[in-house]
Amino acid sequence: MLRFSTLLLTLLMWTACTTQVKMQREAQSFLDRYSSTYQKLYYASAKAEWKANTYIVEGDTLTEQAVQKANEALAAFTGSAENIQAARDFLSKKENLTPLQVRQFETILYNAANNPQTVADLVSQRIKAETEQNKTLFGFTFKVDGREVSTNDIDEALKNETDLAERQKVWEASKEVGRALKPGLARLQKLRNQTVQALGYHDYFSYQVSDYGMTTEEMMAMNKRLIDEVMPLYRELHTYIRYTLAQKYGTAVPDYIPAHWLPNRWGQDWSALVHVKGLDLDGVLKPKGAEWLVKQAERFYVSMGFPSLPASFWEKSSLYPVPPDAGYKKNNHASAWHLDLDKDIRSLMSVIPTAEWYETTHHELGHIYYYISYSTPDVPILLRSGANRAFHEAVGSMMGLAAMQKPFLENLGLIPQHTQTDTMRTLLKEALNYIIFMPWSAGVMTEFEKQLYADNLSPDAYNATWWALKKKYQGIVPPTERGGEWCDAASKTHINNDAAQYYDYALSYVILFQIHDYIARHILQQPPQATNYYGNKEVGAFLKKILSKGATMDWRMLMRETLGEEISARPMLNYFKPLMKWLKKENAGHKYTL
């Protein structure tokens, strides 16, 4: 009897094993077919989008039609009822699949929710609306006193102009595009919600959040916690800058900062307000030229053991501003593109030789090298993305931070060896970037888009809601009353074409300080505020360990394996501890208004 039972158990185990092997083979066969078609359609869509972003000609409808056609083809495939049903069927027996196969099928269903062909007409309308919105955004002509200006011109004026009346004109000019975009945003708000609701999501915001394995409530709670953690330092910075700018402009200290006082169109980065003596990078970089900045960023990655960029990157990228007489325009917002999810990598920038673009080139190549690192046979096409969306931004921003630190700059000869600098002003400048960004990203942008999609915010309330959030989280107010005819939120590109994902950037800043802290303390044995990654192959190997995984494993597990901890703002706050102490002394006797 015992022998019979043993034979029966062996037979059952053999049968189960055979069933599992058969199921995995069937699943892999489907995934291979799906991935091949997906990659081709994705590439066609990306190439059409690339042209629409890099070659904008007034009156051109053919490019717009090509984008819509390519995007509709991709949407029809990813959202097909047949593919959705197949993925659901395989996942219903996921105990027989490999973990990598399960993750790919989950990705298929996530992608499908954005383009379900059960509501094909809605998807087509949404794609058309998105194409039109991008055309309006990127083709907009900014003018000051009737004179056409570029976004680079606007940014430079907000950094350098000292006349408040002139500053206000420039700032208001930067917001004109929002009024043109408001009707399109209202259409997209409705269409994006309706599209994902067809596959059971409550709204578009909750759909995007689900990519993290989180609910809307969990994501909002995480962002609120991050804001609460940085707010004591933000409050000190806000107080310090109010008094500093009031003195600069020769006016009374306001309770809230007028938006046109700040050096950034959205008040998301105030670092240009501080000059660190001995770190005049603009002056050093100007004679080197724009191409040097991009080539130097490449040399940085190569020095750590990454490969040189392929020739196709230099041939196909759009790296520099369009000449005034070119006859076309382009999107000036810096971005990195992985067009075919394999070897076709490009960057879209408008590099000029300034410190800001120096940092940006290092940031964008961080994305490019992330693409390169996970475009290997070990990572399936469907999982060639960051561990989560924030990881991509974390890597890019961290490399930008590392490239701006004093030992790194000395190593490059951009500043003389042993240059005497004010350490506290350096920290202040960095805080006016990283800390100032947190209430903007985790608060204003995230809360606005949550209300836009999850709460169906009325178009009539767009601008009032926007400025209420700006005042609440950032302590920033408009220079004059901004009525409901405006849509200042839409002047930010992400509201239009990278919707309901801006919390990615907030989380990325937290993650970047965690990774940077680990590199500084455990690999370089250097203080996090003064590191030099350049030429360190061990740093490169550590980064490759993170980057090469793509999305093949859960991002929480990846953090535990590589950093030994969960997501935490502790390293970010520790980085700025000396500054907090200094600011409290500087602000003694000043009025706090946050």
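The sections below set out a description of the structure shown in this document. (Residues numbered from 1 in each chain as written. Predicted model: local features only at pLDDT ≥ 70, side-chain atom pairs only at ≥ 80, totals over all residues. Heavy atoms only, no water.)

This next bit is on the overall build of the protein chain. The secondary structure content of the protein chain amounts to 23 helices and 6 strands. Against the compact-globule benchmark of 25 Å for 594 residues, the protein chain has a radius of gyration of 25 Å, which places it among compact chains. The principal-axis extents of the C-alpha atoms in the protein chain amount to approximately 95 × 55 × 45 Å. Burial analysis of the protein chain (594 residues in total) assigns 55% to the buried set. Taking as baseline every contact in the protein chain between residues at least 6 positions apart, the subset at least 24 positions apart corresponds to 78%. When the accessible surface of the protein chain is totalled, it reaches about 25,000 Å², and 53% of it is carbon and sulfur. Computed over 66 positive and 66 negative side-chain charges, the inter-centroid distance for the protein chain is 3 Å. (Helix = DSSP H or I, 4+ residues; strand = E, 2+ residues; numbered from the N terminus. Rg over C-alpha atoms; globule rule 2.2 N^0.38 Å. Buried < 20%, exposed > 50% of the residue type's maximum accessible area, 1.4 Å probe, protein only. Contact = heavy atoms within 4.5 Å. Areas by Shrake-Rupley, 256 points an atom, 1.4 Å probe, with all protein chains shown as cover. Lys, Arg positive; Asp, Glu negative; His and termini not counted. Charge placed at Lys NZ, Arg CZ, Asp CG, Glu CD.)

The next point concerns empty space enclosed by the protein. All chains considered together, the criterion is met by 1 cavity of 30 Å³ or more. Along the walls of the largest cavity sit W171, K175, R265, W266, W466, W467, K470, D488 and S491, which together make up its complete lining. Residue assignment for the lining of the largest cavity shows that the elements contributing at least two residues are α7 (164–197) and α17 (462–474). A breakdown of the residues in the lining of the largest cavity according to their chemical character gives 4 nonpolar, 1 polar and 4 charged. (1 Å grid on protein atoms, 1.4 Å probe; cavity = no way out; pocket = protein on both sides within 12 Å on 5 of 7 lines; lining within 4 Å. Points joined across faces, edges and corners; volume = space filled by probe spheres on them. Nonpolar A, V, L, I, M, F, W, Y, C, P; charged D, E, K, R; others polar.)

A word on the packing of aromatic side chains. Per the stated rule, a full pass over the model turns up 44 aromatic pairs. On the numbers, 4.8 Å between centres and 20 degrees between planes, the contact of F90 with F105 is stacked. With F90 in helix α3 (residues 81–91) and F105 in helix α4 (residues 99–113), this residue pair connects regions lying 15 residues apart in the sequence. Aromatic side chains F205 and Y503 sit 5.7 Å apart centroid to centroid with 70 degrees between the ring planes, which places their arrangement in the edge-to-face category. With a gap of 298 residues between them, F205 in helix α8 (residues 204–209) and Y503 in helix α19 (residues 503–524) connect regions that are remote in the sequence. You can call Y503 buried: its relative accessible area is 0%. Taken together, Y434, F437, W440, F448, Y462, W466, Y502, Y505, Y509, F513, Y575 and F576 form an aromatic cluster joined through their ring pairs. We note K288 situated over the ring of W292; from NZ or CZ to the ring centre the distance is 4.7 Å. Taking the ring centre of F306 as reference, the NZ or CZ of K544 above it sits at 5.3 Å. (Phe/Tyr/Trp six-rings, centres within 6.5 Å; stacked < 30°, edge-to-face > 60°. Lys NZ or Arg CZ within 6 Å of the ring centre and 35° of its normal.)

Moving on: the packing of helix α9 (residues 216–249) against helix α16 (residues 423–453). At a closest axis distance of 8 Å, the pairing of α9 and α16 adopts a crossing angle of 140 degrees. The orientation of α9 relative to α16 falls into the category oblique. Here α9 and α16 pass one another in a crossing that is left-handed. Taken together, the residues that form the contact of α9 with α16 break down as 18 nonpolar, 4 polar and 3 charged. (Axes fitted to C-alpha atoms, helices over the stretch in contact; angles between N-to-C directions. Parallel < 35°, antiparallel > 145°, perpendicular 65-115°, else oblique. Left-handed = near helix turned anticlockwise from the far one by under 90°.)

Turning to α3, a few remarks are in order. All of the buried residues in α3 are N83, I84, A86, A87, F90 and L91. One side of α3 holds all its buried residues, which, seen down the axis, span an arc of 165 degrees. (Arc of directions from axis to C-beta.)

Residue alternation in strand β5 (residues 345–348) divides its side chains into two sets, I345 and S347 and R346 and L348, and both sets are buried. Bridge analysis of strand β4 (residues 335–338) against β5 gives 4 bridges, and the strand direction is antiparallel. Looking at the pairing, W337 lines up with R346 of β5. The antiparallel pairing of β4 with β5 creates a hairpin that spans 6 residues between the two strands, and L341 there sits at a positive phi of about 60 degrees. (Pairing = 2+ DSSP bridges.)

Further remarks concern the nonpolar core. L237, Y358, F391, I515, I519, Y533 and F576 are the most contacted members of the largest nonpolar core, which totals 156 residues. The element best represented in this core is α16, accounting for 17 residues. Formed by 19 residues, the second largest nonpolar core is a distinct cluster that contains Y34, L91, V102 and I108. (Core = buried A, V, L, I, M, F, W, Y, C linked by side-chain atoms within 4.5 Å.)

To continue, consider the pattern of salt bridges. A full pass over the atoms with the stated rule returns 25 salt bridges. Its salt-bridge partner being E130, residue R126 comes within 3.3 Å of it at the nearest N-O pair. Residue R126 and its partner E130 are both found in helix α5 (residues 120–138); the two are separated by 4 residues, about one turn of the helix. Given a relative accessible area of 3%, R126 falls into the buried group. Of the charged contacts, one joins E566 and R560 as a salt bridge, the two residues approaching to 3.1 Å between their closest N and O atoms. Since its relative accessible area comes to 42%, E566 is described here as partly exposed. Salt bridges here are not isolated pairs; linked through shared partners, they connect R126, E130 and R192. (Salt bridge = Lys/Arg side-chain N within 4 Å of Asp/Glu carboxyl O.)

A few words now on the environment of L452. Relative to the helices and strands, L452 is located in helix α16. Since its relative accessible area comes to 0%, L452 is described here as buried. For the pair L452 and I435, spaced 17 residues apart in the sequence, the C-alpha separation amounts to 25 Å.

Attention shifts here to α17. With 13 residues, α17 extends 17 Å between its outermost C-alpha atoms, agreeing within 8% with the 18 Å of an ideal straight helix rising 1.5 Å per residue. Y462, N463, T465, W466, W467, L469, K470, Y473 and Q474 are the residues of α17 that are buried. Buried residues belonging to α17 abut α7, α9, α16 and β6 (476–477). Residue G475 follows α17 closely and has a positive phi angle near 70 degrees. (Expected span 1.5 Å × (residues − 1).)

Position of I515 relative to the elements: it lies in helix α19. Each C-alpha atom, one on I515 and one on P571, is 9.0 Å from the other, the two residues being 56 residues apart in sequence. The contacts of I515, once residues within four sequence positions are left out, are F391, M398, F542, L543, I546 and L563.

With a phi close to 60 degrees, H418 is a non-glycine residue in the positive phi region. Positionally, H418 belongs in the loop between α15 (406–412) and α16. Relative accessible area serves as the criterion here: at 66%, H418 is assigned to the exposed category. Phi at A500 takes a positive value of approximately 60 degrees, unusual for a residue other than glycine. Mapped onto the elements of the fold, A500 is located in the loop between α18 (493–497) and α19. Residue classification places A500 among the buried positions, given a relative accessible area of 0%.

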